[in-house]
Amino acid sequence: MQGASSVLMEVKQDIAQRITKAVEKAQEKGELPQDLSMEVKIEIPSRSEQGDFATGAPMAMARQVKSNGRTVAGIIVKHLDIDDSPVLRVDIAGPGFLNFFLDRSWLERAMARIWSEGPSYGRSDYCRGRKVLLEFVSANPTGPMNVVNARAAAVGDCLASLLEMSGCQVSREFYVNDAGNQTDILADSLEVRYMQALGQDAQMPENGYQGDYIKDLANDLVQEKGSSLCDLPHPQRHDAIKEYALERMIAWQKRTLLDYGLEFDTWFSEKSLRDSGAHNHIIEVLKAKGLTYEKDGALWFKSTEFGDDKDRVLVKSDQQGSATYIVPDLAYHKNKLERGFDHLIDILGPDHHGYINRLSAGLMGLGYPKECLEILIVQTVRLVKGKELVKMSKRGGEFITMDELLEDVGKDAARFFFLMRSPESHLDFDIDLARLQSNENPVYYVQYAHARIASIFRQANQEGFNVAAGPSEVQFNLLKDPSELSLMKMLAAFPEEVHEVSKAREPNRIIKYMMDVASVFHTFYTKCRVLGEDRQVSEARLYLARLAQIVIANALRAIGVSAPESM
RNA sequence: GCGCCUGUAGCUCAGGGGAUAGAGCACCUGCCUUCUAAGCAGGGAGUCGCAGGUUCGAUUCCUGCCAGGCGCGCCA
């Protein structure tokens, strides 16, 4: 069965199949019409009196049959075969819900699965065999990384982890913009600061980068090379300075991301692609396919033929006949596909949404299917200080860098904070609030649950409990408090949760899940003392606590946040 | 003008064609001689931006409007 890799999924599929069979029986007897399209979605109701599982399928069918939900539900229940299944009872409720009440055998199996899978619990094989290239951050190497980069880094890394857990083979890639205009401006800016550091007269160009980091680079450059670069003729000096600047800036980016707990699989150089002649190839292919034309001295791509709202220039009408950015970007994405990835995901900033159509038009022009590229837009981060908006501009100099953010709030809080919000919603980041490093931060709520469990085990060890009692030794039926049942159900949902969140590309939902797990654990902790008089009960609860710890640890690992043993 | 995103509790935000709309923070009341009180239990707090439409049922889907943010280059 496809993707049925958790006990919860198996149980849901079993119930769905039994409903489908019941409907078929009803159809044979003419109680329901033949042409009935249905999708039986099994849900977990929020209220326990609504059963362990529920579905609204009868109501959806009632619409097609022009009957009402309760009637259809009644027909289904009449034909429903629940023998040889954990289903004890089925209720018809409300306007036509089916509520299923199950015995605990499935929970016992689900818990045993967590125990045996341990650190890999949460994995499924839903997208086994898919090779995904996830490109994100890809910040220009012309300045320090900012909080938007930090947001994209959190979202991309988490999404990559979740996709991996769902069975995809994922490659995290950073596209290095080490060619093009902005690298020349970077070199010019550094050159000016370099000359100035040597006491020479030099004027910063108007579009130059003003930040102090350029001055720091200049001082280092003087340390390393003295004034030797001044003796070079201008073009060579420019190139040498550019190379130095890029190397240093990229090393800086890597360091910052490493502090964030993020390591990319590949750093793909734009320049290497440019040097390989891949650009000309793009232009040739599009030309050969008759998808280009000349106008106003420029070469245009008929991107409107593929859904873009206007045609795009490929080769400018300037003296050098230089290519626009579309060409290298197409070459880059073509290269990705040629490397054997069957699906590409780009995470981009909101200023790029107009870019989606032209890029996918280009890829279609090159003969690739539209679906091979998926672009996720991560919305803006606005920095606020109390009520005041902090302007961010690379040239102006005043912005909060990713480094500063990490120093102020730490990677755990930063990542958690960015992931809490849905990626496409705007985010106001209150620096003053974040700097408080207060215990009010929701990240502590989840981490605290993990630390509490670790503490129980330290204590249990000291008191000589069997802390390694697994499913075969534990008396499972001693776990019967409502808080224990809620916790077990929550833990059983983890693999499916991971898969759904990764499929929807909404990492924020895993945060919600973690908060819920932490919440039911804290309730359990308060209501049910783990280490008590009754050894059997204690060991059963230790077992459950261990399972909760596994899930919390696995989830924290997926979002790149540490799981502390104590706090 | 066109395009994208957003509008839900005092604040920051989840959710989502159905059964009583949620969380964190803030506020109020209880709970530590026992595994970590960064916790638990309870309480107050909402015309789900406005108006139409589809539906047995809309806060959720569709259309229009209002408000806020962002983008619309032969820059990348």
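The rules we used
Residues numbered from 1 in each chain as written. Chains lettered and ligands numbered in written order. Predicted model: local features only at pLDDT ≥ 70, side-chain atom pairs only at ≥ 80, totals over all residues. Heavy atoms only, no water. Patch = residues over 30% accessible without salt bridge, like charges linked within 9 Å, V, L, I, M, F, W, Y side chains within 5 Å. Areas by Shrake-Rupley, 256 points an atom, 1.4 Å probe, with all protein chains shown as cover. Salt bridge = Lys/Arg side-chain N within 4 Å of Asp/Glu carboxyl O. Lys, Arg positive; Asp, Glu negative; His and termini not counted. Charge placed at Lys NZ, Arg CZ, Asp CG, Glu CD. Helix = DSSP H or I, 4+ residues; strand = E, 2+ residues; numbered from the N terminus. Contact = heavy atoms within 4.5 Å. Near = heavy atom within 4 Å. Polar contact = N/O pair within 3.5 Å; in protein donor to acceptor, adjacent residues only side chain to side chain. Nonpolar A, V, L, I, M, F, W, Y, C, P; charged D, E, K, R; others polar. Axes fitted to C-alpha atoms, helices over the stretch in contact; angles between N-to-C directions. Parallel < 35°, antiparallel > 145°, perpendicular 65-115°, else oblique. Left-handed = near helix turned anticlockwise from the far one by under 90°.

### A look at a negative patch on the surface
(1) Moving on: A surface patch of negative charge is lined by Glu 224, Asp 239, Glu 243 and Glu 247.
(2) Moving on: Ranked by the residues each element gives to the negative patch, the list is headed by helix H8 (residues 234-259), at three residues.
(3) Moving on: The topology assignment puts Glu 224 in helix H7 (residues 212-225).

### Some remarks on the side chain of Ser 189
(1) Moving on: Mapped onto the elements, Ser 189 comes out in helix H6 (residues 181-197).
(2) Moving on: Setting aside chain neighbours within four positions, we find Ser 189 in contact with Met 204, Gly 208, Tyr 209 and Ile 214.

### Brief notes about the protein's contact with RNA strand B
(1) Moving on: As a structural note, the neighbourhood of RNA strand B is formed by 54 residues, with Arg 421, Glu 424, Tyr 448, Arg 452 and Ser 455 the closest of them.
(2) Moving on: Restricting the count to atoms of RNA strand B within 4 Å of the protein gives a sugar and phosphate share of 56%.
(3) Moving on: Interatomic distance of 2.7 Å between a side-chain N/O atom of Lys 316 and a phosphate oxygen of RNA strand B.
(4) Moving on: Those elements that place two or more of their residues in the surface near RNA strand B are helix H2 (57-65), strand E3 (97-102), strand E8 (298-301), helix H12 (353-365), helix H15 (442-462) and helix H18 (508-527).
(5) Moving on: Per element, the largest residue contribution to the surface near RNA strand B is nine residues, and it comes from H15.
(6) Moving on: Its residues assigned to classes, the surface near RNA strand B shows 18 nonpolar, 19 polar and 17 charged.

### Things to note about the packing of H7 against H8
(1) Moving on: In the contact formed by H7 and H8, the axes pass within 11 Å of each other and the chain directions differ by 120°. Classified by the angle their axes make, H7 and H8 are oblique. The two elements H7 and H8 meet at a crossing, and its hand is right-handed. In this structure, H7 uses Tyr 213, Leu 217, Asp 220, Leu 221 and Glu 224 to contact H8, whose residues at the interface are Ile 241, Tyr 244, Arg 248, Met 249 and Trp 252.
(2) Moving on: In the contact of H7 with H8, the residues fall into seven nonpolar, no polar and three charged.

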